[in-house]
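Overview (structure and organization)
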Amino acid sequence: MHPLIPAVPALHQPELEAALRHRIDHKTKPLGALGQLETLMLRLGLILGTEAPALQRPQLLVFAGDHGITAQGVSAYPSEVSWQMVENFLAGGAAVSVLARQHGLGFHVVDAGVDHEFGPRHGLVDRKIARGTADASLGPAMTRAQCEAALRAGAQLVRDLPGNTLLLGEMGIGNTSAAALLLARLADQPITDCVGRGTGLDDAGLSHKTAVLQRVLNLHAGVHEPVDVLAAMGGFEIAMMAGAVLEAAAQRRVVVVDGFITGSAVLVAAKLQPAVLQRCVFAHRSAESGHRLMLKALHAQPLLDLDLRLGEGSGAALAWPLLVSACDLLRDMASFGSAGVSERG
């Protein structure tokens, strides 16, 4: 394994798993009556290694970067929207900013590679690799050195964060293209099944985007090793997220995955260390057409299905109260024995 990639051993804890299942099954409810929340209780207990998990100082990071492939007309929005939305995040006006405040989440925006100079700003973490990736239709989006620097920066960010929970968000015009390319290559799927309308392309725009992405895959046809695929397809924010996911998983933090773009970072991380997926909670099923395929590739069962396609980490923030509820129920809900309630005969 590459020295950049931390060890992420499988969570094999049969005694804890049996104790958690017994605890969940003997709460004052019919067996299985809390549905997916019971699965979530079990997962959180296993990740945090306890029958009474508590989520401490949750951190929501929005990774931002620009993509050279936008020069090929693959997005309905101009690339300057990336830095303008970063300003909106920092001003507290974006959806994810509102949700982070509502739920008391630690919130930072990470400049992984935006084509803009912000200067020192409260709430902004400057880890810029370059002012946007190269155009993946003409050559690799990143050099191997840039890709490794982004992975390393993402890992260091997590090492510097408090708490035991990481929520993922992103911003970058063109990043649905990068995510679709990563899904196509790493999950061995046709690009037509992976590509979607992103920020709102019409039929002609979608057809053009698909053709451009097919050219990218043809250009990089011989690239299959996960880090090389990441370097070829982009982008800086996805690579930095992948590094953050690997480090968070190595530390046994809970990783709350938002949608299609964050899912592509987890897909890269899981190709490098499959046990990463045991530490992940998938927030929602996005309306972006490739996300169902992404979730299948990740063997993921999302918590919500609200037709969201905003990104930013908005779905992760919306799902957050379900994680809090799962922990509270596991810790505080009475058992039949403690409540003096008769169990089913």
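Residues numbered from 1 in each chain as written. Predicted model: local features only at pLDDT ≥ 70, side-chain atom pairs only at ≥ 80, totals over all residues. Heavy atoms only, no water.

**Concerning empty space enclosed by the protein**
Evaluation of the coordinates by the stated rule reveals two cavities of 30 Å³ or more. When its volume is computed, the largest cavity comes out at roughly 50 Å³. Sorting elements by how many residues they give to the lining of the largest cavity places helix H6 (residues 175-186) first, with three residues. Of the residues belonging to the lining of the largest cavity, the class tally is seven nonpolar, five polar and no charged. (1 Å grid on protein atoms, 1.4 Å probe; cavity = no way out; pocket = protein on both sides within 12 Å on 5 of 7 lines; lining within 4 Å. Points joined across faces, edges and corners; volume = space filled by probe spheres on them. Helix = DSSP H or I, 4+ residues; strand = E, 2+ residues; numbered from the N terminus. Nonpolar A, V, L, I, M, F, W, Y, C, P; charged D, E, K, R; others polar.)

**Here we look at helix H13 (residues 314-332)**
The end-to-end C-alpha separation of H13 is 28 Å, in line with the 27 Å expected for 19 residues at 1.5 Å each. The largest bend along H13 measures about 30° and falls at Trp320, with the proline Pro321 one to four residues further on. Three or more residues of H13 are buried, namely Ser314, Gly315, Ala316, Ala317, Ala319, Trp320, Leu323, Ala326, Cys327 and Leu330. (Expected span 1.5 Å × (residues − 1). Bend = angle between axes of the 7 residues up to and from the residue. Buried < 20%, exposed > 50% of the residue type's maximum accessible area, 1.4 Å probe, protein only.)

**Brief notes about the nonpolar core**
Among soluble globular proteins, nonpolar side chains are generally buried collectively. Among the nonpolar cores identified, the biggest contains 75 residues, and Phe63, Leu230, Val266 and Phe282 are the most heavily contacted of them. Element by element, the count of residues in this core is highest for helix H10 (residues 236-250), at eleven residues. For Phe282, the contacting residues outside a window of four places in its chain are Val257, Val266, Leu277, Leu295, Leu298, Ala300, Gln301, Pro302 and Leu303. Core analysis: the second largest hydrophobic core is formed by 44 residues, Leu16, Leu40, Val62 and Trp320 among them. (Core = buried A, V, L, I, M, F, W, Y, C linked by side-chain atoms within 4.5 Å. Contact = heavy atoms within 4.5 Å.)

**Comments concerning helix H4 (residues 95-103)**
Buried residues of H4: Val96, Ser97, Leu99 and Ala100, and no others. End-on, the buried residues of H4 take up no more than an arc of 165°, which puts them together on one face. Looking at H4, the residues exposed on the side facing more than 90 degrees away from the buried face are Arg101 and Gln102. At its buried positions, H4 is contacted by strand S1 (59-65), helix H3 (81-91), strand S2 (106-113) and H13. Backbone geometry just downstream of H4 places Gly104 in the positive-phi region, at approximately 65°. (Arc of directions from axis to C-beta.)

**Let's talk about the pairing of strand S4 (residues 165-171)**
With seven of seven residues buried, S4 is to be regarded as a mostly interior element. Burial along S4 is two-sided: Thr165, Leu167, Gly169 and Met171 facing one way and Leu166, Leu168 and Glu170 facing the other are all buried. Judged from the six bridges that link them, S1 and S4 form a sheet pairing that is parallel. By the bridge assignment, Ala64 is partnered in S4 with Met171. (Pairing = 2+ DSSP bridges.)

**Side note on the pattern of salt bridges**
Applying the stated criterion to the full structure yields 14 salt bridges. Where Glu51 meets Arg23, a salt bridge forms, and the shortest distance between an N and an O atom there is 3.8 Å. Of the two residues, Glu51 is situated in the loop between helix H2 (36-48) and S1 and Arg23 in helix H1 (residues 14-25); the sequence distance between them amounts to 28 residues. The partly exposed category is assigned to Glu51, whose relative accessible area is 33%. Overall, Arg23 belongs to the partly exposed group, its relative accessible area being 28%. Arg144 is paired through a salt bridge with Asp228; the nearest N and O atoms lie 2.5 Å apart. Residue Arg144 is found in helix H5 (residues 144-159), and its partner Asp228 is found in helix H9 (residues 226-233); the two are separated by 84 residues along the sequence. Exposure remark for Arg144: the relative accessible area of 32% places this residue in the partly exposed category. What makes Asp228 partly exposed here is its relative accessible area of 33%. (Salt bridge = Lys/Arg side-chain N within 4 Å of Asp/Glu carboxyl O.)

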